[in-house]
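Single-letter residue listing:
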Number of protein chains: 2
Amino acid sequence: MSLGLVTPQVLNFATPLKLQSGASIADYNLVVETYGQLNAQKSNAILICHALNASHHVAGVSASDPNDLGWWDNMVGPGKPVDTNRFFVIGVNNLGSCFGSTGPMSVNPSTGKPYGATFPVVTVEDWVNAQARVADHFQIQKFAAVMGGSLGGMQAMAWSMMYPNRIGHCIVIASTPKLSAQNIAFNEVARSAILSDPDFHGGDYYAHDVKPRRGLRVARMIGHITYLSDDDMAEKFGRELRRADGDSDEYNFNFDVEFEVESYLRYQGEKFADYFDANTYLLITRALDYFDPAKSFANNLSAAMKNIAAKFLVVSFSTDWRFAPERSREIVKALLDNKLDVTYGEIDAPHGHDAFLLEDPRYHNLVRAYFEQIAQELQS
Amino acid sequence: MSLGLVTPQVLNFATPLKLQSGASIADYNLVVETYGQLNAQKSNAILICHALNASHHVAGVSASDPNDLGWWDNMVGPGKPVDTNRFFVIGVNNLGSCFGSTGPMSVNPSTGKPYGATFPVVTVEDWVNAQARVADHFQIQKFAAVMGGSLGGMQAMAWSMMYPNRIGHCIVIASTPKLSAQNIAFNEVARSAILSDPDFHGGDYYAHDVKPRRGLRVARMIGHITYLSDDDMAEKFGRELRRADGDSDEYNFNFDVEFEVESYLRYQGEKFADYFDANTYLLITRALDYFDPAKSFANNLSAAMKNIAAKFLVVSFSTDWRFAPERSREIVKALLDNKLDVTYGEIDAPHGHDAFLLEDPRYHNLVRAYFEQIAQELQS
């Protein structure tokens with residue numbers, strides 16, 4: 001069953017939001033979509049947090065575009081693991097993103113020009129504070145669950161630490177308590193490609209009516225390599241040459257597309273450069289780099305988690321080399337150090353980091369069973 | 001013991017070399033360095049093949065630059081694993097490279113202008129054919145051994161298949177019988193960064209007196225991530241912030257260098273953009289992509305190796321995720337299928353792909369023992 005057509009709402013917040021950097025942002029919009037019905041007690045709300053390139057459009061088909069299916073439509077909907085017949089689900093586009101919420105492309109009311117490079121650096125914690133205001137808007141005192149994959153999982157974790165009384169369950173999928181040096185390195189290469197693109201114009205490319213497409217392309221190509229597993233790439237592309245039927249399988253001896261994997265990466269890069277904003281890319285990768293809740297607890301994650309009250313579902317995927325199962329086990333260990341209630345699933349799946357977005361029966365059944373339990377808790 | 005000062009020689013070849021692509025190159029130079037003495041029987045010659053960014057300058061200190069130590073000086077020299085008191089060692093800069101051998105920066109005699117983008121695509125097999133002429137120049141009918149790491153190992157393997165009677169031992173370190181889709185993907189991202197750099201000018205940047213530095217920087221940064229292991233990066237950099245003594249350990253909330261790993265990558269990128277040629281980068285990564293000796297044998301590596309007569313030493317490193325031990329084992333298996341004499345060492349080392357360039361006692365002792373055996377065979 002599908003949700004059918006869905007329509008976003010724009011929420012305006014007129015009270016300035018103080019950011020972790022010390023800056024603040026005044027009068028900002030956040031775009032949300034909601035699915036299902038909020039019950040009378042307002043106890044059945046689920047917040048879904050998005051990762052790098054996604055948005056508020058979690059499930060259903062955009063009323064404005066019949067081809068625009070939500071990024072987690074296989075997970076959220078009537079009868080799906082996160083069942084919208086039972087739960088009221090909110091998807092929110094984060095501050096600084098480029099899908100309608102206030103971000104670098106938005107006009108800064110104090111200058112009348114797009115924020116561009118002047119948009120403040122935002123963190124996972126800033127997003128969570130902004131999301132708490134979304135909860136207030138809906139008069140939701142406590143989410144039944146906050147859920148996310150990858151960077152979305154970081155937001156869910158931050159919720160459990162920052163608002164321990166406002167989250168019943170925390171669902172952290174394919175995530176990590178902090179980026180490794182290698183993770184930061186990949187982000188840095190992607191950012192370097194954008195920052196050094198002559199069309200970047202120091203972040204103020206809107207005024208020049210251009211986009212740093214080259215940088216965005218390279219950034220996305222690097223990203224895709226890290227989202228897929230080595231095996232998955234071998235399975236999908238191997239060393240297949242990009243050829244029309246009947247063409248020779250001899251090499252072309254040039255630097256055009258020769259192998260299928262090159263064609264795939266170039267296509268993904270082009271598509272991304274069409275729809276994504278470069279300043280947003282910089283902001284979101286920096287939020288990833290900065291997330292490190294243990295930092296102010298002498299790198300002791302267990303200490304950082306000492307006030308958590310939520311129950312946890314943590315899920316990792318065997319071939320995810322971006323945020324490998326070891327990283328999820330660090331989260332689980334720190335939760336167990338605090339004698340918290342944790343369910344942990346390590347799914348044997350070939351699809352690397354991307355697995356969290358795909359439909360795998362073992363994975364979806366685990367999430368489904370966990371949400372059954374949440375629903376039962378709400379009824380009792 | 002070190003070799004002391006060494007001086008390269010330029011060898012000119014006036015007979016055109018037919019390339020795998022069908023093109024040919026006329027009147028080309030190859031730069032070589034030699035260490036040790038060729039014996040009267042000319043039986044003690046070792047050819048060292050270089051990888052992506054290296055050159056003929058394998059060992060010793062350049063007579064022209066006291067800071068320029070050879071790239072494999074820990075491996076080659078008097079008393080070292082490849083002992084120049086016993087062996088006559090040749091380092092050769094490959095065709096298409098940018099360290100003195102004829103390549104894209106060289107003037108095309110037929111136009112009077114640099115080859116630039118018109119320099120033909122060269123393959124591992126083309127390099128081996130060119131190296132065979134170097135052997136001819138020194139009147140070496142048969143190398144006691146051909147040795148290389150990474151792309152250099154591919155050249156050694158190709159020698160064993162293309163000139164089975166001209167190679168006694170084949171030493172293949174941290175290499176692979178062919179790139180995986182993921183390996184090609186990383187090369188493609190690096191090439192995309194170069195090809196899309198506005199200073200690339202379709203490969204004819206020499207005429208514009210510029211270099212596609214942005215592309216080279218990004219290419220090198222990506223490369224460095226793949227040369228180091230995740231653990232090695234964690235050990236070297238972790239999440240350490242780039243700070244002067246006494247500075248705050250609070251984040252800066254911007255896109256400048258924040259973490260040590262970013263500083264390292266940017267430095268490596270800048271250095272590489274200073275000394276390396278972008279057209280050469282394209283050519284050498286394409287040679288990597290194309291190497292696939294099993295391709296013309298219905299992807300049967302054992303069949304491709306059926307004419308090999310050389311004995312083999314194959315070495316891999318446990319944390320090398322670029323060319324993992326599994327890839328070396330494919331080589332070993334295909335050799336064993338042909339009942340060839342193979343020594344295989346899998347070294348437990350933390351330094352990823354870069355380990356082949358580093359001094360590790362287990363690794364060096366294995367190579368040393370193997371060369372002892374070669375020396376004994378030569379005496380008997």
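Quick note: structure is the one above.
Keep in mind it's a predicted model, so treat the numbers as computed, not measured. (Residues numbered from 1 in each chain as written. Chains lettered and ligands numbered in written order. Predicted model: local features only at pLDDT ≥ 70, side-chain atom pairs only at ≥ 80, totals over all residues. Heavy atoms only, no water.)

Moving on to the relation of the copies chain B and chain A. The relation between the two chain copies is a rotation about an axis coupled with a shift along that axis. Least-squares fitting of chain B to chain A yields an RMSD of 0.0 Å, with the superposition described by an axial translation of 0.0 Å and a rotation of 180°. Such a combination of rotation and displacement between the chain copies is what one expects of a two-fold axis. By residue overlap, the copies meet face to face through one surface: 100% of the interface positions of chain B are interface positions in chain A. (Least-squares fit on C-alpha atoms with pLDDT ≥ 70 in both. Contact = heavy atoms within 4.5 Å.)

This paragraph deals with the interface of chain B and chain A. How big an interface is tends to be expressed through the accessible area that disappears when the partners come together. Chain B puts 57 residues into the contact, and the matching count from chain A is 57 residues. Of the roughly 4,800 Å² buried where chain B meets chain A, counting both sides, 67% is carbon and sulfur surface. Three residues, B:Arg239, B:Phe253 and B:Phe255, lead the burial of chain B against chain A; their summed loss comes to 17% of the area buried on that side. Across the pair A:Arg266 and B:Glu188 runs a salt bridge whose closest N-O atoms are separated by 2.5 Å. Summed over the shared surface of chain B and chain A, the number is 26 residue pairs in polar contact (both at pLDDT 80 or more). At the level of elements, helix H3 (181-195), helix H4 (213-227), helix H5 (230-236), helix H6 (260-275) and helix H7 (278-290) of chain B are the ones that each hand at least two residues to the side of chain B that touches chain A. (Buried area = accessible area lost by both parts, 1.4 Å probe. Salt bridge = Lys/Arg side-chain N within 4 Å of Asp/Glu carboxyl O. Polar contact = N/O pair within 3.5 Å; in protein donor to acceptor, adjacent residues only side chain to side chain. Helix = DSSP H or I, 4+ residues; strand = E, 2+ residues; numbered from the N terminus.)

Glancing now at the pattern of salt bridges. Side chains that differ in sign of charge can pair as their charged atoms come close. Summed over all chains, the structure comprises 46 salt bridges over all chains. A:Arg214 is the partner of A:Asp199 in a salt bridge, and the nearest nitrogen-oxygen pair spans 3.3 Å. Placement of A:Asp199 in the loop between helix H3 (181-195) and helix H4 (213-227) and of A:Arg214 in helix H4 is noted, with a sequence separation of 15 residues between them. One salt bridge connects A:Arg286 with A:Asp289, and the closest N-O pair in it is separated by 2.9 Å. Taken together, the positions of A:Arg286 and A:Asp289, both in helix H7 (residues 278-290) and 3 residues apart, correspond to about one turn of that helix. Of the two residues, A:Arg286 and A:Asp289, neither departs from the other in class, the shared state being buried. Residues joined in a network through salt bridges with shared partners are A:Glu188, A:Arg191, A:Arg286, A:Asp289, B:Glu262 and B:Arg266. (Buried < 20%, exposed > 50% of the residue type's maximum accessible area, 1.4 Å probe, protein only.)

For the rest of this paragraph, the subject is the sheet that holds strand E14 (residues 167-173) of chain B. Residues and elements named next belong to chain B. Ordered by their spatial adjacency, 8 strands build an open sheet running E2-E5-E10-E6-E13-E14-E15-E16, and the pairing between neighbours is mixed. Across the chains shown, the open sheet's two edge strands, defined by having one partner strand only, are strand E2 (9-13) and strand E16 (342-347). In this sheet, neighbouring strand axes are inclined to one another by 20° on average, regardless of whether the strands run parallel or antiparallel. Note: strand E15 (residues 311-317) against E16, 6 bridges, orientation parallel. Along E16, the bridge assignment pairs phenylalanine 312 with valine 342. (Pairing = 2+ DSSP bridges. Axes fitted to C-alpha atoms, helices over the stretch in contact; angles between N-to-C directions.)

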